[in-house]
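Notes for the structure review
Residues per chain are reported as follows:
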2 protein chains.
Amino acid sequence: MTEHTENDSPVRGRRRDVGRDRVLLEATLEVLYEKGYGGLTTAEVAKRAGVSTATLYRRWSSKQDLVIGTATQWARDLGRGEDTGTLDGDLTALLRDKARTLDGPGGRLLHVLIGEAAHNPALARVLDDAVVQPVRDRAAALVARAVERGDIPPLEDTHVLADLVVGAMVSRVFLTPGPSSPSPTGEAMVRELRPFLLRALGARPA
Amino acid sequence: MTEHTENDSPVRGRRRDVGRDRVLLEATLEVLYEKGYGGLTTAEVAKRAGVSTATLYRRWSSKQDLVIGTATQWARDLGRGEDTGTLDGDLTALLRDKARTLDGPGGRLLHVLIGEAAHNPALARVLDDAVVQPVRDRAAALVARAVERGDIPPLEDTHVLADLVVGAMVSRVFLTPGPSSPSPTGEAMVRELRPFLLRALGARPA
């Protein structure tokens, strides 16, 4: 491993850019979590990432662009979800994948962005596209497979499952914890939610 | 109606203070929604409320104190919930009351505060105490009555219903809406969530 130094020569190529993108992403998450969106400055992010602000601005044209880019890169983490052959298997996999994206830096990012989205329509769109829509698509697909197999009757609304999955996790991770009530681990959340959601979908008791 | 003027004479008494508190609360909500927590200044709130910053600081010692006070005043809105005699009645009343607190200024306040709470433990505690705990208490009480009546079997966890109610609404109101998907009205949310939650609680189909 060689030390990173400030050098923008194009011959360094893509490998070096990916490394710098990752360092900028992590610095952005760190500053967002400590200071919120309002307290974040591109100068602070550049400093922590060990790059010049000129370098940062070559990649991201503004603070909002930097934060949206960070959110979009992170949100690629949620998998598409294989067909496990059972409703329980598909639902548990969705809950596990979602719990994993909410644990750690991605969850902290989402936490900060939800608040900022209240008065920032561009961020609100990113949150919808990057965070809720993938869960909605995956939930609709697993429900359709379960109905097709005859495991459950058709549902009144196909999007309610996504709201229940995302919402319950957001509620547990972002609203419930305080100094006296540590955030539950992802696996504990999955275990708690699973029987409620299976019943909500109309699955017969095991 | 007389015009409000700047006058801090103590002989004006409680009635006048309540009016001023309400004006400050509304100004705080307005500025929070437009500019976020990071962009809010006590000077701007005082200006919109038509009071001096000295007046504001006599009531609230800091920006954080002002915002926490606003959140706490607003959160008193959620009712305690009467015993309607049925699980469906109790649940529908809880959903309606909660939807009402998330509609309008209170919901905008919560939206901004969720993000700020990510790096502000005092606000995180207020959100837990003022927003989630009342729903948790009311959900636990309605579940206990339903189990007592023999309407549903005992549940694995009593707090999951509160997470599902708060979470699904937060997800619909704060995460889903964008320019192309307007936030559903409270009554539409209640109607959509009701059958899923009744099944999740183990209620027999009507």
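These figures come from a predicted structure and were not determined experimentally.

Now for the UniProt feature "DNA-binding region" (unreviewed entry) in chain A. In this structure's numbering, the residues bearing the UniProt feature "DNA-binding region" (unreviewed entry) are residues 41-60 of chain A. Segment residues 41-60 of chain A splits into 75% helix and 0% strand. End C-alpha atoms: 13 Å apart.

A separate point is the interface of chain B and chain A. Facing the 47 residues of chain B at the interface are 47 residues of chain A. For the chain B and chain A pair, buried surface summed over both sides reaches about 3900 Å², with 66% attributable to carbon and sulfur atoms. For the pair chain B and chain A, the number of links is two salt bridges. For R199(B), the salt bridge identified is with E156(A), shortest N-O distance 3.0 Å.

Our next topic: the relation of the copies chain B and chain A. Mapping chain B onto chain A leaves a residual RMSD of 0.1 Å; the transformation is a rotation of 180° accompanied by 0.0 Å of translation along its axis. Viewed as a symmetry operation, the transformation between the two copies matches a two-fold axis. A shared interface surface links the copies, since 100% of the contact residues of chain B are contact residues in chain A too.

Okay, the pattern of salt bridges next. Residues and elements named next belong to chain B. Considering all chains together, one arrives at 28 salt bridges over all chains under this definition. A salt bridge links E34 to R48; its shortest N-O distance comes to 2.9 Å. Remark: R48 occurs in helix α2 (residues 42-49) and E34 occurs in helix α1 (residues 13-39); sequence separation between them is 14 residues. Residue R48 is classed as partly exposed on the basis of its relative accessible area of 30%. Its salt-bridge partner being R138, residue D97 comes within 2.8 Å of it at the nearest N-O pair. Note that D97 is positioned in helix α5 (residues 87-102) and R138 in helix α7 (residues 121-148), a separation of 41 residues in sequence.

Reading guide: rules and limits
- Residues numbered from 1 in each chain as written.
- Chains lettered and ligands numbered in written order.
- Predicted model: local features only at pLDDT ≥ 70, side-chain atom pairs only at ≥ 80, totals over all residues.
- Heavy atoms only, no water.
- UniProt positions renumbered as here; feature names shortened; annotations may be inferred.
- Helix = DSSP H or I, 4+ residues; strand = E, 2+ residues; numbered from the N terminus.
- Contact = heavy atoms within 4.5 Å.
- Buried area = accessible area lost by both parts, 1.4 Å probe.
- Salt bridge = Lys/Arg side-chain N within 4 Å of Asp/Glu carboxyl O.
- Least-squares fit on C-alpha atoms with pLDDT ≥ 70 in both.
- Buried < 20%, exposed > 50% of the residue type's maximum accessible area, 1.4 Å probe, protein only.

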